[in-house]
Amino acid sequence: MAENNNILVIGANGQLGTELTLALVNTYGKDHVITTDIREPTEKISLFEALDVLNQEHLKQIIQAYQISEVYLLAALLSARGEQNPMLTWQVNMDGLIHVLELAREGYIKKVFWPSSIAIFGASTPKKDTPQETITSPDTMYGITKLAGERLCAYYAKKYHIDVRSLRFPGLVGYNALPGGGTTDFAVDIYHKALEGKKYHCFLQENTQLPFMYMPDAVKATMQLMQSQNHQVTVRSSYNITGFSCTPAAIAEAIRKIIPGFEITYEPDFRQQIADSWPDSIDDQMARKDWGWQPAFNLESMTQDMLMNLSRLHKKEIIIDIV
Ligand code: SER
């Protein structure tokens, strides 16, 4: 990467940020990736600056000081935590995005990645194979900010020719970092409990079907979208994207093929209503057609990889006994 062409990751300590930063550092070199978050990271893998995304002046200083051309804006409050503090969710999710888009409009940066979510859909959206263009009627503040954000991205792309790219992520599952405050977090927590030999108390009903994606696929999709030619990116709001769909019971079943004694109980709370308003499955043919999207992992291969990596990280032995 040439000078004046550095990358800024905002919200780099989060679930996606941790993994995406690793991939960006591996691809472009650690001298070209600057990470920021409101909290100090436990481990610094490239240059770090503490940043509150609501402080636009500080954001601009960092962009100028480090000669940033590309921004990955990942700082956000997710769906469940968002319902505990809707006004803060609006502020962080919307002001953060408009600050970045405005800096792009003023010519400080050239390219932006911003994640949207299946939370833009709602109870009246078709649930099965939810299409790219359909009814969007979010019921959470998180979903409302993601839908408004999508429209802002499309607006800045059309009106000011800003190169902004986005994916509507489903629930993300990974072993390197824990999610925080999402409705799909159970799909990560469940693996940790299984590995500790404990029973998992799931906050959703056993038959709640949701779309998911394993983290290596989420990182691959982001890198692939950002490396695509400008003309390939025909969707400037946000692309539907998915790995596979499953229920909590199916995840438990997949775990039991490796850890046969694993137990789960179902004790739905307020997050059930949020999950019930989201799609069962996603039609991501636009991403497939435009820039060749193809996921590598399904529930079974994700489960094997998750448990193997978690047991390695936590130095716990499990006997992988695939039935
Ligand atoms: N994983 C997110 C959440 O559960 C959805 O984008 O809030």
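Quick caveat: nothing in here was measured; it's all calculated off a predicted structure.

Cut-offs and rules
- Residues numbered from 1 in each chain as written.
- Predicted model: local features only at pLDDT ≥ 70, side-chain atom pairs only at ≥ 80, totals over all residues.
- Heavy atoms only, no water.
- Helix = DSSP H or I, 4+ residues; strand = E, 2+ residues; numbered from the N terminus.
- Contact = heavy atoms within 4.5 Å.
- Buried < 20%, exposed > 50% of the residue type's maximum accessible area, 1.4 Å probe, protein only.
- Patch = residues over 30% accessible without salt bridge, like charges linked within 9 Å, V, L, I, M, F, W, Y side chains within 5 Å.
- Areas by Shrake-Rupley, 256 points an atom, 1.4 Å probe, with all protein chains shown as cover.
- Salt bridge = Lys/Arg side-chain N within 4 Å of Asp/Glu carboxyl O.
- Near = heavy atom within 4 Å.
- Polar contact = N/O pair within 3.5 Å; in protein donor to acceptor, adjacent residues only side chain to side chain.
- 1 Å grid on protein atoms, 1.4 Å probe; cavity = no way out; pocket = protein on both sides within 12 Å on 5 of 7 lines; lining within 4 Å.
- Sits in = over half its atoms within 2 Å of the grid points.
- Nonpolar A, V, L, I, M, F, W, Y, C, P; charged D, E, K, R; others polar.
- Pairing = 2+ DSSP bridges.
- Right-handed = clockwise from strand over helix to strand, strands pointing away.
- Points joined across faces, edges and corners; volume = space filled by probe spheres on them.
- Expected span 1.5 Å × (residues − 1).
- Axes fitted to C-alpha atoms, helices over the stretch in contact; angles between N-to-C directions.

### Regarding the environment of R271
You can see R271 is positioned in helix α9 (residues 271-276). Separated by 191 residues in sequence, R271 and A80 place their C-alpha atoms 6.6 Å apart. Ignoring anything within four residues of it in the chain, the contact list for R271 reads A80, G182, T183, F203 and L204.

### Focus on unusual backbone geometry
Here the phi dihedral of Q67 falls at roughly 50°; this positive angle occurs in a residue that is not glycine. Inspection of the secondary structure puts Q67 in the loop between α2 (56-65) and β4 (68-73). By relative accessible area, Q67 is classed as partly exposed at 34%. If you check the backbone angles, H161 has positive phi at about 55° while not being a glycine. By relative accessible area, which is 68% here, H161 ends up exposed.

### Concerning a nonpolar patch on the surface
A contiguous nonpolar patch, built from M87, W90 and I144 and spanning about 300 Å² of accessible area, is present on the exposed surface. Mapped onto the elements, M87 comes out in helix α4 (residues 86-105).

### Focus on the site of the ligand
What surrounds the ligand is the set L78, S79, S117, Y142, G182, T183, T184 and W278. Within the side chain of S117, one N or O atom sits 2.6 Å away from an oxygen atom of the ligand. Contact with the protein chains removes 93% of the 240 Å² of surface that the ligand exposes when unbound. Structurally, the ligand is housed in the largest pocket. Taken together, the residues that form the shell around the ligand break down as 3 nonpolar, 5 polar and no charged.

### Notes on the pairing of strand β1 (residues 6-10)
Summarising burial for β1: 5 of the 5 residues are buried, a large majority. Taking every second residue as pointing to the same face, both faces of β1 are buried, with N6, L8 and I10 on one and I7 and V9 on the other. Sheet topology note: the β1/β4 ladder contains 5 bridges and is parallel. Bridge pairing links V9 to Y72 in β4. One crossover worth recording links β1 to the parallel strand β2 (residues 33-37) by way of helix α1 (residues 15-28), and it is right-handed.

### Considering empty space enclosed by the protein
The probe, sized like a water molecule, is rolled over the atoms to show the empty space still left. Counted according to the given criterion, the structure contains 1 cavity of 30 Å³ or more. For the largest cavity, the full set of lining residues is L73, L74, A75, A76, V92, N93, L97, W114, P115 and K146. The residue inventory of the lining of the largest cavity, partitioned by class, reads 8 nonpolar, 1 polar and 1 charged.

### A look at α1
Here α1 contains 14 residues, and its C-alpha end-to-end distance of 21 Å stays within 8% of the 20 Å for a straight helix at 1.5 Å per residue. Every buried residue of α1 is accounted for by Q15, L16, G17, E19, L20, T21, A23, L24 and V25.

### Overview of the layout of surface pockets
Empty space within the largest pocket amounts to approximately 970 Å³. Taken together, 41 residues line the largest pocket, and the ones lying closest to its centre are L74, A75, A76, L77 and L78. For the lining of the largest pocket, the secondary-structure elements that each account for two or more residues are α1, α3 (79-84), α4, β6 (116-117), α5 (141-160) and β9 (171-173). Among the elements that take part in the lining of the largest pocket, α1 stands out by supplying 3 residues, more than any other.

### So, the sheet that holds strand β5 (residues 111-113)
Taken in spatial order, the 6 strands of this open sheet run β3-β2-β1-β4-β5-β7, and their pairing is parallel. Only two strands of the sheet have a single neighbouring strand rather than two, namely β3 (48-50) and β7 (163-165). Each strand of the sheet is rotated relative to its neighbour by a mean of 20°, with strand direction disregarded. Judged from the 3 bridges that link them, β2 and β3 form a sheet pairing that is parallel. Note on β3: the bridge partner recorded for T36 is E49. Strands in contact with α4 are β1, β4, β5 and β7; relative to β4, the strand with the most contacts, it is inclined by about 160°.

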